[in-house]
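Okay, here's what each chain looks like letter by letter:
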Amino acid sequence: MTHLFANPFLSNTLAFVFALGVIIVVHEAGHLLVAKAFGVRVLTFSVGFGRRLWGFRRGETEYRVSAVPLGGYVRLGGENLEEATGDPRDFLSKPRWQRVLVYLAGPAMNVVLSIALFAALFMVGIEVPNLPDMPPLIGGVEAGSSAAKAGLQRGDRIAAVNGEHVENWQQVLMSLLTSPGRPLRLSVERNGRIFDATVVPQNIPKYDTGDSAGLYPALRPQVTQVTDGSPAAAAGFRPGDEIRRVDARPIGDNHDFVNYIEKHAGQRVEVEVVRDGRTVVLPVTPRNEGGVGKIGVGIGFFQRYGPARALVESVRYNVQIVRDTFEIIGKIFTRQMSAKGALAGPIEIAKQSGAAARSGFKNLLHMMGFISISIAIMNLMPIPILDGGQIFILLIEEVIRRDLSLRFKEIISQIGFVMILLLMFMVIWFDLVKNLPAGLLPGS
């Protein structure tokens with residue numbers, strides 16, 4: 001297995017097939033289960049499109065794997081007018097509300113999968129920042145950066161961006177990422193005084209997104225890993241411990257903690273941490289390594305909760321992804337952000353899935369959760385041929401109390417097909433631009 005993941009192309013392919021395969025099966029299973037619950041004939045359950053590679057039949061349903069692994073489908077009996085037989089088990093014979101629920105079940109299962117994955121990750125512990133809970137307090141400024149030139153300092157609090165009040169670091173980061181090469185006016189609070197500073201996030205050409213402009217949040221230090229045989233291991237440190245004080249001295253961020261430990265080589269210190277909501281004091285003596293104190297812990301982002309809290313945090317995390325997605329879509333349509341940086345096709349998804357798998361299975365599951373909720377959002381868009389488009393048509397028919405004409409449905413389905421085709425071409429082109437050397441692209 002190690003040799004497989006040493007090959008980037010092979011690991012990208014395997015991770016892509018695994019991640020997308022699970023997400024597709026879960027999505028289509030939603031359609032299948034709700035259709036069967038309403039007594040609809042289910043003819044085919046396919047993972048992938050195109051030529052059948054393998055499958056079996058159980059009852060009236062054929063379960064198959066098809067050649068093109070970029071989606072899947074469930075074929076229902078009597079789903080189209082030309083296939084309708086008048087059988088009470090035909091899809092079109094069912095009430096509209098039941099048909100809406102059948103279409104809704106696929107995206108709903110993607111949401112459930114995303115919530116389940118993130119909840120499981122939060123229970124075992126994962127190294128991701130909780131940006132919505134971080135105050136907009138500057139914890140560091142990169143030397144020579146736009147923020148440094150604007151005179152910003154560690155400890156400054158960002159009160160507003162371009163006149164809009166911000167309450168957490170998530171809002172600050174979204175403003176930076178979606179403003180490549182454009183000045184941002186920050187209202188900054190320092191020692192009770194408010195002043196304005198302008199920063200310019202540098203464009204990251206590969207993705208057409210902005211960088212952090214040299215700004216970093218103030219992070220309360222958390223233990224992400226403990227080295228075996230280290231002073232920290234002997235003292236009982238655990239991943240997820242949140243460091244509050246050392247020798248009764250409050251610790252503001254990572255720099256405070258690291259600096260204090262490094263200056264106390266060979267001297268016993270008492271570290272106060274919060275663990276599962278309880279305060280624990282851990283005496284530890286930093287090992288002297290060339291005059292610098294080390295206790296053998298990794299410090300960074302970490303989130304771990306009990307089952308109930310993990311579920312709540314997972315829901316919050318998914319809601320934040322949905323909010324960010326629609327904010328980005330809005331900025332694309334208002335031309336404040338390039339679609340190139342926001343959209344990813346199969347090549348980029350495979351690359352990111354492979355990178356996540358190589359860095360650890362938890363990171364791959366995190367990637368799968370993000371893809372799953374993104375697929376749910378996309379499928380609920382009111383675009384003909386997608387689930388959201390079919391639901392929208394059924395709701396219109398319910399309001400006007402009659403079926404739309406077959407000709408009209410054919411036309412909007414063709415329009416929807418062309419839209420999806422153009423979208424696929426566009427994201428694949430973006431993938432090529434991001435991943436191929438410039439000299440290989442036409443016109444470069």
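Residues numbered from 1 in each chain as written. Predicted model: local features only at pLDDT ≥ 70, side-chain atom pairs only at ≥ 80, totals over all residues. Heavy atoms only, no water.

Some remarks on a nonpolar patch on the surface
For step 1, the next point in the chain: On the surface, a nonpolar cluster with roughly 590 Å² of combined accessible area is contributed by Ile385, Phe417, Val418, Leu421, Leu422 and Phe425.
For step 2, the next point in the chain: Take Ile385: it is sitting in the loop between helix H11 (361-379) and helix H12 (387-400).
For step 3, the next point in the chain: For Ile385, a relative accessible area of 37% translates into the label partly exposed. (Patch = residues over 30% accessible without salt bridge, like charges linked within 9 Å, V, L, I, M, F, W, Y side chains within 5 Å. Areas by Shrake-Rupley, 256 points an atom, 1.4 Å probe, with all protein chains shown as cover. Salt bridge = Lys/Arg side-chain N within 4 Å of Asp/Glu carboxyl O. Helix = DSSP H or I, 4+ residues; strand = E, 2+ residues; numbered from the N terminus. Buried < 20%, exposed > 50% of the residue type's maximum accessible area, 1.4 Å probe, protein only.)

Looking at the layout of surface pockets
For step 1, the next point in the chain: Of the voids in this model, the second largest pocket is the one considered here, and its volume is about 800 Å³.
For step 2, the next point in the chain: Looking at the second largest pocket, it is lined by 35 residues, and the ones nearest its centre are Arg220, Gln222, Glu242, Arg244 and Phe302.
For step 3, the next point in the chain: The set of elements that each furnish at least two residues to the lining of the second largest pocket consists of strand E3 (138-141), strand E12 (242-246) and strand E14 (269-275).
For step 4, the next point in the chain: Counted by class, the lining of the second largest pocket contains 13 nonpolar, 10 polar and 12 charged residues. (1 Å grid on protein atoms, 1.4 Å probe; cavity = no way out; pocket = protein on both sides within 12 Å on 5 of 7 lines; lining within 4 Å. Points joined across faces, edges and corners; volume = space filled by probe spheres on them. Nonpolar A, V, L, I, M, F, W, Y, C, P; charged D, E, K, R; others polar.)

A look at the packing of aromatic side chains
For step 1, the next point in the chain: Per the counting criterion, the structure on display carries 10 aromatic pairs.
For step 2, the next point in the chain: For the pair Phe45 and Tyr63, a centre-to-centre distance of 5.8 Å together with 45° between the ring planes defines the contact as tilted. With Phe45 in strand E1 (residues 42-58) and Tyr63 in strand E2 (residues 61-76), this pair connects stretches of sequence that are 18 residues apart. Both residues of the pair, Phe45 and Tyr63, belong to the buried class.
For step 3, the next point in the chain: Their ring planes at 85° and their centres at 5.8 Å tell us that Phe122 and Tyr317 sit as a pair that is edge-to-face. Here the residue Phe122 occupies a position in helix H3 (residues 96-124), and Tyr317 occupies one in helix H8 (residues 307-333), the gap between them amounting to 195 residues.
For step 4, the next point in the chain: Look at Phe122 and you get buried, because its relative accessible area is 3%. (Phe/Tyr/Trp six-rings, centres within 6.5 Å; stacked < 30°, edge-to-face > 60°.)

Section: a positive patch on the surface
For step 1, the next point in the chain: Residues Arg238, Arg278, Arg304 and Lys362 make up a contiguous surface patch of positive charge.
For step 2, the next point in the chain: Tracing the backbone shows Arg304 in the loop between strand E18 (297-300) and H8.
For step 3, the next point in the chain: Classification of Arg304 by relative accessible area gives partly exposed; the value is 32%. (Lys, Arg positive; Asp, Glu negative; His and termini not counted. Charge placed at Lys NZ, Arg CZ, Asp CG, Glu CD.)

Description of the confidence of the model for the protein
For step 1, the next point in the chain: Averaged over the protein, the pLDDT score is 87; the fraction of residues at 70 or greater is 95%.
For step 2, the next point in the chain: Ranking the elements of the protein by mean pLDDT puts helix H1 (residues 2-6) last with 51 and H3 first with 96. (pLDDT = per-residue confidence, 0-100.)

Structural notes on the packing of helix H2 (residues 8-37) against H3
For step 1, the next point in the chain: It is the contact of H2 with H3, at a shortest axis distance of 7 Å, that shows an interaxial angle of 140°. Of the possible angle classes, the one that applies to H2 and H3 is oblique. Every pair of crossing elements has a handedness; the one defined by H2 and H3 is right-handed. Of the residues in H3, those touching H2 at Val22, Ile23, Val26, His27, Gly30, His31, Val34 and Ala35 are Leu101, Val102, Tyr103, Ala105, Gly106, Pro107, Met109, Asn110 and Leu113.
For step 2, the next point in the chain: Considering only residue class, the contact of H2 with H3 consists of 12 nonpolar, 5 polar and no charged. (Axes fitted to C-alpha atoms, helices over the stretch in contact; angles between N-to-C directions. Parallel < 35°, antiparallel > 145°, perpendicular 65-115°, else oblique. Left-handed = near helix turned anticlockwise from the far one by under 90°. Contact = heavy atoms within 4.5 Å.)

Digging into the nonpolar core
For step 1, the next point in the chain: With 43 residues, the main nonpolar core has Leu76, Phe122, Leu364 and Met368 as its most contacted residues.
For step 2, the next point in the chain: Counting residues per element, the ones that place at least two in this core are H2, E1, E2, H3, H8, helix H10 (346-359), H11 and H12.
For step 3, the next point in the chain: It is H2 that contributes the most residues to this core, 9 residues altogether.
For step 4, the next point in the chain: Not counting residues within four places of it along the chain, the set of residues in contact with Phe122 comprises Val128, Gln303, Arg304, Tyr305, Ala310, Glu313, Ser314 and Tyr317.
For step 5, the next point in the chain: Counting 20 residues, the second largest nonpolar core, distinct from the first, contains Leu152, Val188, Ala213 and Leu219. (Core = buried A, V, L, I, M, F, W, Y, C linked by side-chain atoms within 4.5 Å.)

Thoughts on the side chain of Asp387
For step 1, the next point in the chain: Within the element layout of this structure, Asp387 appears in helix H12.
For step 2, the next point in the chain: Buried and unpaired, Asp387 has no salt bridge, with Arg99 as the nearest side chain of opposite charge at 13 Å.
For step 3, the next point in the chain: There is a polar contact of 3.3 Å between the side chain of Asp387 and the side chain of His31.
For step 4, the next point in the chain: Setting aside residues up to four positions removed in sequence, Asp387 forms contacts with His27, His31, Tyr103, Pro107 and Asn379. (Polar contact = N/O pair within 3.5 Å; in protein donor to acceptor, adjacent residues only side chain to side chain.)

Quick word on the environment of Leu43
For step 1, the next point in the chain: Mapped onto the elements of the fold, Leu43 is located in strand E1.
For step 2, the next point in the chain: Sequence separation between Leu43 and Gln202 is 159 residues; the distance between their C-alpha atoms is 53 Å.
For step 3, the next point in the chain: If near-sequence neighbours (up to four positions away) are discounted, Leu43 is found in contact with Glu60, Thr61, Glu62, Arg75, Leu76 and Gly77.

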